[in-house]
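# Overview (structure and organization)
Next come the chains, spelled out residue by residue.
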Amino acid sequence: MLGVSVVVFAILRLVPGDPIAMMLPPGATEETRQNLERLYGMDKPLIEQYFIWLRDVLHLDFGMSTQFRLPVMEVIFNRLPVTLELVLLASIIALTLSFALSVLAVWIQRDGATLIIDGASGLTQAIPDFLWALIFIFFVTLYAPSIPISGRYDPRTAQDFITGFYLIEALITLRLGTFAELLRHAILPAFALALPLAASITRLLKSALEEAMSEDYAILARTKGKSRIAIILGEALRNALIPVIALTSVQLAFLIGGTVLIERLFSLPGIGSTAITAVVNRDLPLIQGVVLVFAALFIAINLISNGLYRLADPRLGKTDE
Amino acid sequence: MKKITGMILGASLSAGMAAADDSTLAIAYNVSLPSWDATVGPSAVNPTIQSIYKSVFDQYIDQNPDLSFRPGLLTEWGWNEDGSKIRMVVREGALWHNGDPVTASDIVWSLERAGKEETGNPIQFLWSTIGNFTIDGNVIEADVLRYDPTIFKWMAFLTAYVLPKDYYESVGAEGFEKNPVGSGPYMVDEYVANSFARLKRFDGYWGPKPEFETVIFKFVPDASARVAEVETGASDITLEIPYEEYDRLAAKDGLEGVTTPVSDIGMIFINDVGVMEDSNVRKAAAHAINKNLIIERLLRGYGVRIDTLQAPQYSAFNPDTLVAYDPDLAKKLLAASGYSEENPVKFKIQTTRGFKPKDYEIIQVIAGMWKRVGIEAEIEVYEIAKHFDLRARDELAPAAFYNWGNSIGDPSTSTGFAMFGPSPHSTWDTEDLDAMIGPLWGEKDESRRIDGFKAVDAYIAENAMVIPLLQFVQPIVFREGLSVTPHVANFLLPQNVVSQ
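Residues numbered from 1 in each chain as written. Chains lettered and ligands numbered in written order. Predicted model: local features only at pLDDT ≥ 70, side-chain atom pairs only at ≥ 80, totals over all residues.

## Considering the overall build of chain A
As a reminder of what qualifies: Under the DSSP-based scheme used, a helix requires at least four consecutive residues in state H or I and a strand at least two consecutive residues in state E, with every element numbered from the N terminus. Whether a residue is buried, exposed or partly exposed follows from its count of other C-beta atoms within 10 Å of its own C-beta, namely 20 or more, 12 or fewer, or something in between, respectively; the C-beta atoms are built from the backbone.
Summing up its helical and strand segments, chain A has 13 helices and zero strands in all. Sequence-ordered secondary structure for chain A, helices as α and strands as β, is α-α-α-α-α-α-α-α-α-α-α-α-α. Projecting the C-alpha coordinates of chain A onto the three principal axes gives extents of approximately 85 × 60 × 40 Å. Burial status across chain A gives 43% buried among its 321 residues.

## Here we look at the overall build of chain B
Heads up, the condition is: With the radius of gyration taken over C-alpha atoms, the globule rule is written as 2.2 Å times the number of residues to the power 0.38. C-beta atoms are first placed from the backbone for all residues, and any pair lying within 7 Å is then listed as a contact.
From N to C terminus, chain B includes 17 helices and 19 strands. For chain B, the C-alpha radius of gyration of 24 Å lies close to 23 Å, the compact-globule estimate for 500 residues. Dimensions along the principal axes, computed over C-alpha positions, put chain B at roughly 75 × 70 × 35 Å. For chain B, restricting intrachain contacts to residue pairs at least 6 apart in sequence, the fraction spanning at least 24 positions comes to 70%.

## Digging into the domain arrangement of chain A
All names here are of chain A. To be explicit about the condition: Where each domain starts and ends comes from a domain assignment, either automatic or drawn from a database. In this count, Pro and Cys sit with the nonpolar residues alongside Ala, Val, Leu, Ile, Met, Phe, Trp and Tyr, while Asp, Glu, Lys and Arg are called charged and the others, Gly among them, polar.
For chain A, the assigned domains are domain 1 (2-58) and domain 2 (77-312). Taking only C-alpha atoms, the centre of domain 1 and the centre of domain 2 are 37 Å apart. Of the residues lining the interface, eight residues belong to domain 1; the matching set on domain 2 comes to eight residues. Only helix 1 (2-14) and helix 2 (19-23) provide two or more residues apiece to the side of domain 1 that touches domain 2. With five residues, helix 1 is the largest single contributor of residues to the side of domain 1 that touches domain 2. Across the side of domain 1 that touches domain 2, the residue classes break down as six nonpolar, two polar and no charged.

## Comments concerning the pairing of strand 14 (residues 345-351) of chain B
Residues and elements named next belong to chain B. The criterion, for reference: For a crossover, the right-handed case is the one in which the path from the first strand over the helix to the second runs clockwise, viewed with the strands pointing away from the viewer. Note: two strands are recorded as paired if DSSP finds a minimum of 2 bridges between them.
Burial runs high along strand 14: five of the seven residues are buried. Handedness of the crossover joining strand 14 and strand 15 (residues 375-381) through helix 13 (residues 359-373) is recorded here as right-handed. Here strand 14 pairs with strand 16 (residues 399-405) via two bridges, running parallel. Each bridged residue has a counterpart across the sheet, and for glutamine 350 the counterpart in strand 16 is alanine 400.

## A word on helix 3 (residues 30-39) of chain A
We apply this condition: Read the arc as the range of directions from the helix axis to the C-beta atoms.
Taken together, the buried positions of helix 3 of chain A are Thr32(A), Asn35(A) and Leu36(A). Taken down its axis, helix 3 of chain A places every buried residue within 95 degrees of arc, on the same side. Residues of helix 3 of chain A that are buried make contact with helix 2 of chain A together with helix 5 (124-127) of chain B. Count one or two residues on from helix 3 of chain A and you reach Gly41(A), which has phi positive near 70 degrees.

## Observations regarding the nonpolar core
The criterion, for reference: Here a nonpolar core is just a set of buried residues of the types Ala, Val, Leu, Ile, Met, Phe, Trp, Tyr and Cys, joined wherever their C-beta atoms sit within 7 Å.
Grouped together as the largest cluster of nonpolar side chains are 228 residues, with contacts concentrated most on Ala90(A), Ile27(B), Met267(B), Ile268(B), Val466(B) and Ile467(B). Among the elements that make up this core, the one with the highest residue count is helix 9 (residues 176-213) of chain A (21 residues). The two domains that each donate at least three residues to this core are domain 1 (2-58) and domain 2 (77-312) of chain A. Not counting chain neighbours up to four residues away, the residues in contact with Ile268(B) comprise Ala399(B), Ala400(B), Phe401(B), Val466(B), Ile467(B) and Leu469(B).

## Some remarks on the sheet that holds strand 5 (residues 85-90) of chain B
Residues and elements named next belong to chain B. Formally: In this analysis, axes come from line fits to C-alpha atoms, helices being fitted only over the stretch in contact, and the angle between any two N-to-C directions falls in the range 0 to 180 degrees.
In spatial order, the strands read 4-5-7-6; together these four strands make up an open sheet with antiparallel pairing. Where the open sheet ends on each side, the last strands, each with one partner, are strand 4 (74-79) and strand 6 (130-136). Between one strand and the next, the sheet's axes are offset by a mean angle of 15 degrees, whatever the strand orientation. One ladder, built from five bridges, connects strand 5 with strand 7 (residues 139-144); its direction is antiparallel. By the bridge assignment, valine 89 is partnered in strand 7 with valine 139. Where helix 4 (residues 104-115) meets the sheet, it contacts strand 5, strand 6 and strand 7, and its direction lies at approximately 170 degrees from that of strand 6.

## Re the interface of chain A and chain B
The partner chain B presents 61 residues to the 57 residues of chain A that form the contact. Elements with a contribution of two residues or more to the side of chain A that touches chain B: helix 2, helix 3, helix 7 (129-143), helix 9, helix 11 (228-265) and helix 12 (271-280) of chain A. When its residues are assigned to classes, the side of chain A that touches chain B shows 28 nonpolar, 17 polar and 12 charged.

## Topic: the packing of helix 7 of chain A against helix 8 (residues 223-232) of chain B
Here is the rule we go by: Any angle that is under 35 degrees is reported as roughly parallel, and any over 145 degrees as roughly antiparallel; angles of 65 to 115 degrees are reported as roughly perpendicular and all others as oblique. Handedness of a crossing is defined here by the sense of rotation of the near helix relative to the far one, left-handed for an anticlockwise turn of less than a right angle and right-handed for a clockwise turn.
Two elements in contact, helix 7 of chain A and helix 8 of chain B, have axes whose closest approach is 9 Å; the angle formed by their N-to-C orientations is 20 degrees. Classed by the angle they form, the pair helix 7 of chain A and helix 8 of chain B counts as roughly parallel. Our pair here, helix 7 of chain A against helix 8 of chain B, has a crossing hand that is left-handed. On helix 8 of chain B, the residues touching Leu134(A), Ile137(A), Val140(A) and Thr141(A) of helix 7 of chain A are Ser224(B), Ala225(B), Ala228(B), Glu231(B) and Thr232(B). Tallied by class, residues from the contact of helix 7 of chain A with helix 8 of chain B come to five nonpolar, three polar and one charged.

## Some thoughts on unusual backbone geometry
All names here are of chain B. Positive phi values are uncommon outside glycine, yet asparagine 132 reaches one of about 55 degrees. Structurally, asparagine 132 can be placed in strand 6. Phi angles above zero are rare outside glycine, and arginine 300 is one such case at about 55 degrees. Looking at the element boundaries, arginine 300 is found in the loop between helix 11 (291-298) and strand 13 (303-305).

## Brief notes about the environment of Leu33(B)
Residue and element names in this part refer to chain B. With respect to the helices, strands and loops of the structure, leucine 33 is situated in the loop between strand 1 (24-29) and helix 2 (41-44). Along the chain, leucine 33 and valine 162 lie 129 residues apart, while their C-alpha atoms are 18 Å from each other. The contacts of leucine 33, once residues within four sequence positions are left out, are Ile49, Ile52, Ala197 and Phe219.

## A closer look at the pairing of strand 4 of chain B
All names here are of chain B. Two strands pair when backbone bridges link them, and strand 4 and strand 5 are joined in this way by five bridges, in the antiparallel orientation. Within strand 5, the residue paired with leucine 74 across the bridge is valine 90. Hairpin connection from strand 4 to strand 5: five residues lie between these consecutive antiparallel strands, with glycine 83 at a positive phi of about 75 degrees.

## A short note on the confidence of the model for chain B
Residue and element names in this part refer to chain B. What counts here: How sure the predictor is of each residue is captured by pLDDT, a score from 0 to 100.
In this model, chain B carries a mean pLDDT of 93, and residues with pLDDT of at least 70 account for 96%. The low-confidence segment residues 8-18 (pLDDT under 50) makes 19 contacts with residues lying over four places distant or belonging to another chain. Interface confidence for the predicted complex, given as ipTM, is 0.77, next to a pTM of 0.86.

## Considering the packing of helix 6 (residues 111-126) of chain A against helix 9 of chain A
Residues and elements named next belong to chain A. At a minimum axis distance of 8 Å, the contact between helix 6 and helix 9 shows a crossing angle of 140 degrees. Judged on the interaxial angle alone, helix 9 and helix 6 are oblique. In this structure, helix 6 meets helix 9 at a crossing whose hand is left-handed. Contacts from Ile117, Ser121, Thr124 and Gln125 in helix 6 reach Leu195, Pro196, Ala198, Ala199, Ser200, Thr202 and Arg203 in helix 9. Class assignment for the residues of the contact of helix 6 with helix 9 results in five nonpolar, five polar and one charged.

## A few points about helix 4 (residues 46-58) of chain A
Heads up, the rule is: Expected helix span is taken as 1.5 Å per residue step, with the number of steps being one fewer than the number of residues.
Across its 13 residues, helix 4 of chain A extends 18 Å between first and last C-alpha, which sits within 8% of the 18 Å expected from 1.5 Å per residue. Backbone geometry just after helix 4 of chain A places Leu60(A) at a positive phi near 60 degrees.

## Remarks on the environment of Pro221(B)
Within the fold, Pro221(B) resides in the loop between strand 10 (214-219) and helix 8. Classification of Pro221(B) by C-beta neighbours within 10 Å gives partly exposed; the count is 19. Along the chain, Pro221(B) and Ala392(B) lie 171 residues apart, while their C-alpha atoms are 27 Å from each other. Not counting the four nearest positions on each side in its chain, Pro221(B) is found in contact with Arg264(A), Asn30(B), Val31(B) and Ser32(B).

Below you can see the structure in the form of structure tokens.
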């Protein structure tokens, strides 16, 4: 994290794009510029600026967002639930689709069906998430104008939530009408994010399942009269999970990165769209905060996936005796 | 699951009517609003979000859609005879959204706050030119500490919003961001950053009552998503879309469109370095550009040719100052400096791509036109942030495309700041031009000041110190049944939208 903080701090100050210059209106004088630099602490040497920032970060003070004029952490934590819910929903969609298609392909063992599933997943994987988003927007415009393409909920309605996790909160509190409304708004961005991931997992899981089905234990189970679907679900699937967990954890990191464009296209107030406006407006404290939070999320995903490996294969947690 | 699926379908059916509610106006807006304090920080000088600010807050002085000035929270304003004092009369009967009356002390507090360095108002240099305020009832007087002939025009421009003194001081800056209070026609009902702002009509507003009870600014930065918003009926109105899409949508059943030239121009900054110190090269570059062709072919006719930094609606516009399209003259000028098609003069031109309509394509076409007369321009694409950075350091390439907004239409805020050497926005820095512009900053005779700027513009045009290209046109598309009054200052104000 310390390395990330140094790199992001240095890069933001080395790339062209002076935030003070962007703030200068017509008629501003050199004095105005110096005054604003002083006000935003940019008049000090770079090294000093870094250590001031680092000292504050260690005290959990990430500074004030220059564009939102609120503490950076408040801005980030208000938006993070939107992104996490979107990623969670996309992951559920991706995993459901990929597990269903992979199991189906290995179960039915028909060349035609396999070809269709392979072809569809290849095509889906080749189209990036933001392009899926544009395709969905185009599709909705032509054929389904009632599906919303912007926002988290209908802005005509007032919403009352305690947490920022609206979907989860609505579900837990059994506000099913609200849940449906939120889901309706989230479905297109979640599918746009999910499809490329679903395709990757489908291809990997299908080949892992095929390999597992050719193992001795699977052949033995077959000779004992167990049905093919029972062997897939009961035995092969668990063995095929390890590479899937590895791929999913790596892809999840990309999924979070993918929210940057998806949130912008669907006007979702998450951390991704916030990151774009922060970059465009050279809101340096906010960009630094967002990058650190992304880095922390990636580390958390890696730790979780390590735990999942051990759950899927308990041998990984044991030392050689 | 069946229940939820049913609810989703039910909700979908009702969503199609989202924008058809007669009391609500949904605007698919092109930028997001980051901050509610319209007087400090980067948002305060962002022209694209002023429409939202103007819906919630009042300015000291307001503007009509044609850029002319009209009373805002001030009903009278002016200098004394020798220009040493100003006098302002505050509107009676205006209320803040929390029900408190707008008073002269709110006006004075807002002006004094704007003039203090520590508040971070980017226009502080201007607001600090007046001080020592005195209040007598609803009449305010102040000393002119440094005469600026445009101070009252600036009172209708960036950061010139009046905030409630008592409320702001009681809740603080962060409290104000979360619960902003203004005195404008609409008050903030709900705001979700990067998503939407829902405004409710303020029934205590002193001015004409807006028609729509609720206004929703949906922040939809992607142009294709904005097109989809208005095409599906999810929003009633949108703006800043490609001209091709405008033509298609405006011709579609159920939608209408309106376009208007706005106070935003496209220009090529000339930096007085290298080959640009040769006036023949500069003049040739200016005469070789067929602006009308660019407007007709690239912008589908949506643009107005300009030859100075003044658009036709600006106070110093002079229709007689023209720079002719004359490629033969361009060739002769270049030949006089030893250049030809075979031996072209070479320089770099910088441009944004996608920041303004067809910006990169315009520069590509210009580079093609230049090539035919003996100019070889290398195009460099950069981000707008880099442009600001380079311009502030006076390190722009010899030629750089940019757009310049000037919603108060004063020549000091176009020609003045863009061309006066000491200004951090200027890339041209020569003594002859500075000597012409310098005395105009403090000129008290308005007609002499305007005539002075007209003469400066003619001198600049004659010597090709900048290449003005065109005035941009704002396309607005809206659902049938609405009537939209466009604003030359490029505002899309919900109070200017009514049902037919």
